[in-house]
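If you want the building blocks of each chain, they are given just below.
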Amino acid sequence: MKKTATIVLTMARRINANSNDVFKAWTKPELMKKWLFTTEATNVVAKNDLRAGGKWEIIDRREGEEYRATGEYLEIDSPHRLEFTFEMPQFNNLQDQIIVWVSPVGKACEMTFKQEITVPHEESWGPEDIKSAMKEYSEESEAGWDKMFEGLKQLVETGEGRAMDNK
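The following paragraphs examine the structure supplied in this document. (Residues numbered from 1 in each chain as written. Predicted model: local features only at pLDDT ≥ 70, side-chain atom pairs only at ≥ 80, totals over all residues. Heavy atoms only, no water.)

### Description of the packing of aromatic side chains
Aromatic ring pairs are described here by two measures, namely the spacing of the ring centres and the angle between the planes. Applying the stated criterion to the full structure yields 15 aromatic pairs. Look at phenylalanine 113 and phenylalanine 149: their rings are 5.3 Å apart centre to centre, the planes differ by 75°, and that puts the pair in the edge-to-face class. Note that phenylalanine 113 is positioned in strand S7 (residues 108-121) and phenylalanine 149 in helix H3 (residues 127-157), a separation of 36 residues in sequence. Phenylalanine 113 gets classed as buried once you look at its relative accessible area, which sits at 0%. The exposure class assigned to phenylalanine 149 is buried, which follows from its relative accessible area of 1%. (Phe/Tyr/Trp six-rings, centres within 6.5 Å; stacked < 30°, edge-to-face > 60°. Helix = DSSP H or I, 4+ residues; strand = E, 2+ residues; numbered from the N terminus. Buried < 20%, exposed > 50% of the residue type's maximum accessible area, 1.4 Å probe, protein only.)

What follows is the structure in structure tokens.
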């Protein structure tokens, strides 16, 4: 079994939409496929069983390769808190834990995101190697989430997410 370390990534965003719309973007497959680990153009699968213990899955196909993100819902308190596991089995069998809090702030909301990132490392690595790997995982994850959160903001701030309720 590989050794691992854990680093915590925390991010926050002010979003000009209500908490319900932001929460739905995290949990409705027809909205998830527009921004979460995928785009509508490259999405192959977006599904979930929205309950504690329920599974979720997104498959994105880019340049002939399929990327699968999957996990299990641990806690759901709509529209305020969502906790779930996250893994990408094609890369490793490690599991991260993610918590999303959504709080109303006037006519907008504040979304706070926390990911406990499991970082694999080799037995022979010293403290500096581990520190370097943790920094790299954190920076890459933050860049990826930053890009996804821009897609989320665009989705819910334009009202496209609310339009999906009517379908």
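Having put the structure on the table, let's press on.
### Side note on the layout of surface pockets
Unoccupied space between atoms shows up once a probe the size of one water molecule is rolled over them. Approximately 1,100 Å³ is the volume found for the largest pocket. Residue lining of the largest pocket: 34 residues in total, with Phe37, Arg62, Met88, Gly144 and Met148 positioned closest to the centre. Among the elements of the structure, strand S3 (55-62), strand S4 (65-77), S7 and H3 are those that each provide at least two residues to the lining of the largest pocket. Looking at the lining of the largest pocket, the element that brings in the most residues is H3, giving eleven residues. In terms of residue class, the lining of the largest pocket is built from 14 nonpolar, ten polar and ten charged. (1 Å grid on protein atoms, 1.4 Å probe; cavity = no way out; pocket = protein on both sides within 12 Å on 5 of 7 lines; lining within 4 Å. Points joined across faces, edges and corners; volume = space filled by probe spheres on them. Nonpolar A, V, L, I, M, F, W, Y, C, P; charged D, E, K, R; others polar.)

### Some points on the sheet that holds S3
Read across the sheet, seven strands follow the order S1-S7-S6-S5-S4-S3-S2 without closing on themselves; strand pairing throughout is antiparallel. Strands with a single pairing partner mark the edges of an open sheet, and in this sheet they are strand S1 (3-15) and strand S2 (43-48). Averaged over all adjacent pairs, the angle separating strand axes in this sheet is 20°, with direction ignored. Here S3 runs beside S4; their pairing, made up of eight bridges, is antiparallel. Bridged to arginine 62 within S4 is glutamate 65. Where H3 meets the sheet, its contacts fall on S1, strand S6 (96-105) and S7, and the angle it forms with S1 comes to roughly 30°. (Pairing = 2+ DSSP bridges. Axes fitted to C-alpha atoms, helices over the stretch in contact; angles between N-to-C directions. Contact = heavy atoms within 4.5 Å.)

### Focus: H3
In this model H3 runs 43 Å from its N-terminal to its C-terminal C-alpha over 31 residues, within 8% of the 45 Å that 1.5 Å per residue would give. For H3, every residue scored as buried is listed here: Ile130, Ala133, Met134, Ser138, Ser141, Trp145, Met148, Phe149, Leu152, Lys153, Leu155 and Val156. Where H3 ends, the next residue or the one after it, glycine 159, has phi of about 85°, a positive value. (Expected span 1.5 Å × (residues − 1).)

Coordinates in, geometry out; function isn't part of it.
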